[in-house]
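Topology and contacts: notes
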Amino acid sequence: MVVFPFTKKKFESLSVNNRHKWIIKWLSQIYQEIAANRFNEKSCIFFFENYVNVLQWMGETPCSIPDNFETKILIEFVSDSIHRHRIKAGLHPKDHDLLPQVMCADRKFSKKHLPVFQYHIALDGLRGLFNTGSIFRTCDAAGFQSIILGNTPGPEHPVVRKTSMGASDWVQFTKTDDLAANLYDMKKKGLKITGIETVKDSESYTDYNWQEKGVVVFGNEEYGISSHVMRVCDDFVHIPMFGIKNSINVANAVSIIVFHIASIL
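In this text, all values refer to a predicted model and were calculated from it rather than measured experimentally.

Observations concerning the overall build of the protein
Along the backbone of the protein there are 9 helices and 7 strands. Whereas a compact globule of 265 residues would reach a radius of gyration of roughly 18 Å, the protein reaches 24 Å, over 25% beyond that. In terms of overall dimensions, the protein has a C-alpha envelope of 70 × 40 × 35 Å along the principal axes. Out of the 265 residues in the protein, the part that is buried amounts to 43%.

Observations concerning the packing of aromatic side chains
By the definition in use, this model includes 20 aromatic pairs. Look at Tyr119 and Phe144: their rings are 5.6 Å apart centre to centre, the planes differ by 40 degrees, and that puts the pair in the tilted class. Of this pair, Tyr119 sits in strand S1 (residues 118-124) while Phe144 sits in the loop between helix H5 (129-142) and strand S2 (146-150), and the two are 25 residues apart along the sequence. Judged on exposure class, the residue Tyr119 and its partner Phe144 are both buried. Ring centres of Phe136 and Phe173 lie 5.7 Å apart, and the angle between their planes is 75 degrees; on these two criteria the pair is classed as edge-to-face. Taken together, the residues Phe136 in helix H5 and Phe173 in strand S3 (residues 172-176) connect sequence positions 37 residues apart. A relative accessible area of 0% means that Phe136 is categorised as buried. Taken together, the ring pairs in this structure connect Phe4, Phe6, Phe11, Trp22, Trp26, Phe39, Phe47, Phe48, Tyr51, Trp57, Phe69 and Phe77 into an aromatic cluster. Its end group placed over the ring of Phe11, Arg19 keeps NZ or CZ at 5.8 Å from the ring centre.

Regarding the pairing of S2
Burial of S2 is extensive: 5 of the 5 residues sit out of reach of the surface. Residues Ser146, Ile148 and Gly150 of S2 are buried on one face, and the alternating residues Ile147 and Leu149, pointing to the opposite face, are buried as well. Relative to S3, S2 runs parallel, the two sharing 5 bridges. Within S3, the residue paired with Gly150 across the bridge is Thr176. In this fold, S2 hands off to helix H6 (residues 158-163), which returns the chain to S3; that crossover is right-handed.

As for the sheet that holds strand S7 (residues 235-238)
Ordered by their spatial adjacency, 7 strands build an open sheet running S3-S2-S1-S6-S4-S7-S5, and the pairing between neighbours is parallel. The sheet is open, and its two edges are formed by S3 and strand S5 (203-204), each paired on a single side. As defined by bridge partners, S1 adjoins S2 across 5 bridges and the pair is classed as parallel. Considered in S2, the bridge of Ile121 is made with Ile147. Where helix H7 (residues 179-188) meets the sheet, it contacts S1, S2, S3, strand S4 (192-196) and strand S6 (213-218), and its direction lies at approximately 165 degrees from that of S1. The sheet contacts of helix H9 (residues 250-264) involve S1, S4 and S6, and relative to S6 the element is tilted by about 165 degrees.

Details of the packing of helix H2 (residues 16-35) against helix H4 (residues 71-88)
Remark: H2 packs on H4, axes separated minimally by 9 Å, with the N-to-C direction vectors making an angle of 160 degrees. One way to sum up the angle between H2 and H4 is to call them roughly antiparallel. Where H2 crosses over H4, the handedness of that crossing is left-handed. Between H2 and H4, the contacting residues are Asn17, His20, Ile23, Ile24, Leu27, Ser28, Ile30, Tyr31 and Ile34 on the first element and Thr71, Leu74, Ile75, Val78, Ser79, Ser81, Ile82, His85, Arg86 and Lys88 on the second. Counted by class, the contact of H2 with H4 contains 10 nonpolar, 7 polar and 2 charged residues.

Cut-offs and rules
- Residues numbered from 1 in each chain as written.
- Predicted model: local features only at pLDDT ≥ 70, side-chain atom pairs only at ≥ 80, totals over all residues.
- Heavy atoms only, no water.
- Helix = DSSP H or I, 4+ residues; strand = E, 2+ residues; numbered from the N terminus.
- Rg over C-alpha atoms; globule rule 2.2 N^0.38 Å.
- Buried < 20%, exposed > 50% of the residue type's maximum accessible area, 1.4 Å probe, protein only.
- Phe/Tyr/Trp six-rings, centres within 6.5 Å; stacked < 30°, edge-to-face > 60°.
- Lys NZ or Arg CZ within 6 Å of the ring centre and 35° of its normal.
- Pairing = 2+ DSSP bridges.
- Right-handed = clockwise from strand over helix to strand, strands pointing away.
- Contact = heavy atoms within 4.5 Å.
- Axes fitted to C-alpha atoms, helices over the stretch in contact; angles between N-to-C directions.
- Parallel < 35°, antiparallel > 145°, perpendicular 65-115°, else oblique.
- Left-handed = near helix turned anticlockwise from the far one by under 90°.
- Nonpolar A, V, L, I, M, F, W, Y, C, P; charged D, E, K, R; others polar.

Coordinates in, geometry out; function isn't part of it.
Below, the structure is given as structure tokens:
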């Protein structure tokens with residue numbers, strides 16, 4: 001059983017923000033115990049008694065206790081409680097801060113697992129660690145073969161690993177300081193190089209004739225695909241915009257394109 005780490009006197013000596021932060025830390029440990037199936041009925045009763053006491057120490061109205069101890073009900077309760085304390089502490093979590101999903105139904109990792117499609121994602125000069133991590137996760141989910149990181153941060157950065165939610169452990173990637181040269185080599189091997197860019201005469205991604213294998217290039221968050229990389233691309237494709245803004249976040253753009261490709265091949 002995970003006991004709350006403070007006595008009432010010690011707890012009340014903390015600032016309000018630190019009280020919430022310690023509750024979050026404690027509830028996160030409870031979450032992990034539930035996720036690992038180490039929480040029985042006795043543990044539940046002990047936890048709820050502890051939590052009600054802690055809320056009373058905070059001067060808060062005790063929460064409504066679940067009427068059954070099913071795993072999903074407990075997970076929902078603890079997760080919602082953590083979120084409530086985060087908001088009160090002024091913390092607004094990003095994806096990589098969230099706790100691992102218990103009912104995720106992920107497949108077990110196997111070295112024999114092979115990507116579904118003969119497609120690669122090339123990233124040209126991305127700066128955002130969150131974008132790169134998210135793209136690793138999307139690449140895995142869409143069944144693409146690999147990511148080519150052209151002057152782009154990779155899994156050596158903790159934020160990329162966290163945001164990828166584990167996908168960076170098995171998604172193949174290549175790092176290069178000369179993306180144009182890498183793409184040229186892939187082109188010689190028969191892969192079509194398609195740049196996602198809003199240039200003149202580019203086609204809508206829904207109208208484009210996607211081949212059975214290829215490389216899709218996404219550019220820098222500020223200026224798009226660099227000029228020397230554009231010269232290697234065979235074609236250019238864009239995502240039509242219907243609002244005032246003429247672009248969307250690069251990680252969102254990757255999701256749209258790769259799942260479109262996956263749906264038609």
